[in-house]
Amino acid sequence: SAIDQYESSLKRDGRAKAQQRSFRKSPGRRRLFSLAASVTLAGLLIGYLLIQQRESLTVWQTFAYQKQITGMGEQRHILLEDGTRVWLNADSELRFPRNLAEEKTREVYLIGEAFFAVSEDPEKPFIVHTSDLAIEVLGTTFNVRSYSADSIVETTLVAGKVSIASCATDTMQVVTLQPNQQARFSKEANTIELEDTVNTENYFAWKDGWMIFDNKPFGYIKETMERWYNVSIILEDEKSLSCTYSAKFKDKTLHQVLEIFRITEAINYRIEGNQVFIDGMLCQ
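Residues numbered from 1 in each chain as written. Predicted model: local features only at pLDDT ≥ 70, side-chain atom pairs only at ≥ 80, totals over all residues. Heavy atoms only, no water.

(A) Focus on the overall build of the protein. Scanning the protein from terminus to terminus reveals four helices and 20 strands. Out of the 284 residues belonging to the protein, those deemed buried represent 51%. Partitioning the contacts of the protein with sequence separation of at least 6, the portion at a separation of at least 24 is 57%. As displayed, the protein has an accessible area near 13,700 Å², and 48% of this comes from carbon and sulfur atoms. (Helix = DSSP H or I, 4+ residues; strand = E, 2+ residues; numbered from the N terminus. Buried < 20%, exposed > 50% of the residue type's maximum accessible area, 1.4 Å probe, protein only. Contact = heavy atoms within 4.5 Å. Areas by Shrake-Rupley, 256 points an atom, 1.4 Å probe, with all protein chains shown as cover.)

Have a look at this one:
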């Protein structure tokens, strides 16, 4: 695959605006959806489930559910009872029924990031709940990134079809994704932005040992590295968080990744226990 041909590289993409919070739009590629739109018929089931989710999340703590948790710097492959395979990224949690195959709908709850390869069962929809979204599928492969500290929830579809609905407001819209599309939900704006064509491998390559960033601000890269290597990164210059890069790393140690930044950007760093101190300014 294209992933196997990647070599570690780093390219500066220029400085992003310091207060950049929303995603830039490219004509003909991205469409902004307002959550004030009406619910489609295809979303009636998912809408009902969202109402149930908002009214009571105690199901997370009932005896009928079990959970898998990964710590910082840890990943896990999970095989569910129905044959669905889940790759759980670092600092994440997945909750699911102990008797998943006996449920009328297969519902799981995610905090963090996971890649799903869902076993097809037309009579039992598979629904992934995050703190803000519900994602309904029948049989498909997709990636969900929904860390509580992040302002954006990303759903990237590799194959199949998914419906996404937000539970952030009383008025709701269901958005349907096709393969190679990505939906980004803004927690601040309560809006979903749809990108028509993405390189999906960039968003699930982590399960195969890759860290791939496509024009991402260093703040995003920093958070990913902290989870990946179980460290805390402290910058001398906070303005560096808005610098954007494209980078591809395969099975690199923390020291190797930092060395690439040091050589490329002429910064210095030191590692003290699980803390990394970066001196100097990126993209100056």
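There is more to say, and it comes next.
(B) Layout of the state of the cysteines. Using the criterion set out here, one finds one disulfide in the structure. Each sulfur in the disulfide pair Cys243 and Cys283 lies 1.8 Å from the other. Since a negative S-S torsion denotes a left-handed disulfide, the Cys243-Cys283 link at about -60° is left-handed. One end of the pair, Cys243, is in strand E18 (residues 243–250); the other, Cys283, is in the segment after strand E20 (275–279), with 40 residues separating them in the sequence. (Disulfide = S-S within 2.5 Å.)

(C) Region of interest: empty space enclosed by the protein. Counted by the stated rule, this structure contains one cavity of 30 Å³ or more. Looking at the largest cavity, its volume works out to about 290 Å³. Taken together, 23 residues line the largest cavity, and the ones lying closest to its centre are Glu113, Arg145, Trp206, Tyr220 and Thr224. Of all the secondary structure elements, the ones that give two or more residues to the lining of the largest cavity are strand E10 (141–146), strand E11 (152–159), helix H2 (201–204), strand E16 (210–217) and helix H3 (218–229). (1 Å grid on protein atoms, 1.4 Å probe; cavity = no way out; pocket = protein on both sides within 12 Å on 5 of 7 lines; lining within 4 Å. Points joined across faces, edges and corners; volume = space filled by probe spheres on them.)

(D) Representation of the nonpolar core within the structure. Counting 30 residues, the largest nonpolar core has Met211, Phe218, Met225, Tyr229, Tyr245 and Ile278 as its most contacted members. Secondary-structure elements contributing two or more residues to this core are strand E7 (106–117), E16, H3, strand E17 (232–235), E18, helix H4 (254–265) and E20. Ranked by residue count, the leading element in this core is H3, at six residues. What Met225 contacts, discounting residues up to four positions off in sequence, is Met211, Asn230, Val231, Ile233, Leu254, Val257 and Leu258. By size, the runner-up hydrophobic cluster in this structure holds 29 residues, among which are Val86, Val137, Val162 and Phe185. (Core = buried A, V, L, I, M, F, W, Y, C linked by side-chain atoms within 4.5 Å.)

(E) Layout of the packing of aromatic side chains. Enumeration over the complete set of coordinates arrives at 10 aromatic pairs. Both rings, one in Phe213 and one in Tyr220, keep their centres 6.3 Å apart while their planes meet at 85°; by these two values the pair is edge-to-face. Comparing Phe213 with Tyr220 shows no difference in burial state: the two are buried. An aromatic cluster is present here, built from Phe218, Tyr245, Phe249 and Phe261 joined pairwise through their rings. A cation over an aromatic ring shows up here: Lys207 above the ring of Phe115, its NZ or CZ 5.3 Å from the ring centre. (Phe/Tyr/Trp six-rings, centres within 6.5 Å; stacked < 30°, edge-to-face > 60°. Lys NZ or Arg CZ within 6 Å of the ring centre and 35° of its normal.)

(F) Quick look at the pairing of strand E19 (residues 268–272). Inspection of the sheet shows E19 paired to E20 by five bridges, in the antiparallel sense. Considered in E20, the bridge of Ile271 is made with Val276. Hairpin remark: E19 followed by E20, antiparallel, with two residues in the connecting loop; positive phi at Gly273, about 65°. (Pairing = 2+ DSSP bridges.)

(G) A look at the environment of Ile234. Topologically, Ile234 is positioned in strand E17. Other than its neighbours up to four places away in sequence, Ile234 contacts Gln275, Val276, Phe277 and Ile278.

(H) Representation of unusual backbone geometry. Here the phi dihedral of Asn190 falls at roughly 55°; this positive angle occurs in a residue that is not glycine. Mapped onto the secondary structure, Asn190 falls in the loop between strand E14 (182–186) and strand E15 (191–195). Backbone geometry at Asp251 places phi at a positive 50°, although glycine is not the residue there. In this structure, Asp251 sits in the loop between E18 and H4. Residue Asp251 is classed as exposed on the basis of its relative accessible area, which comes to 54%.

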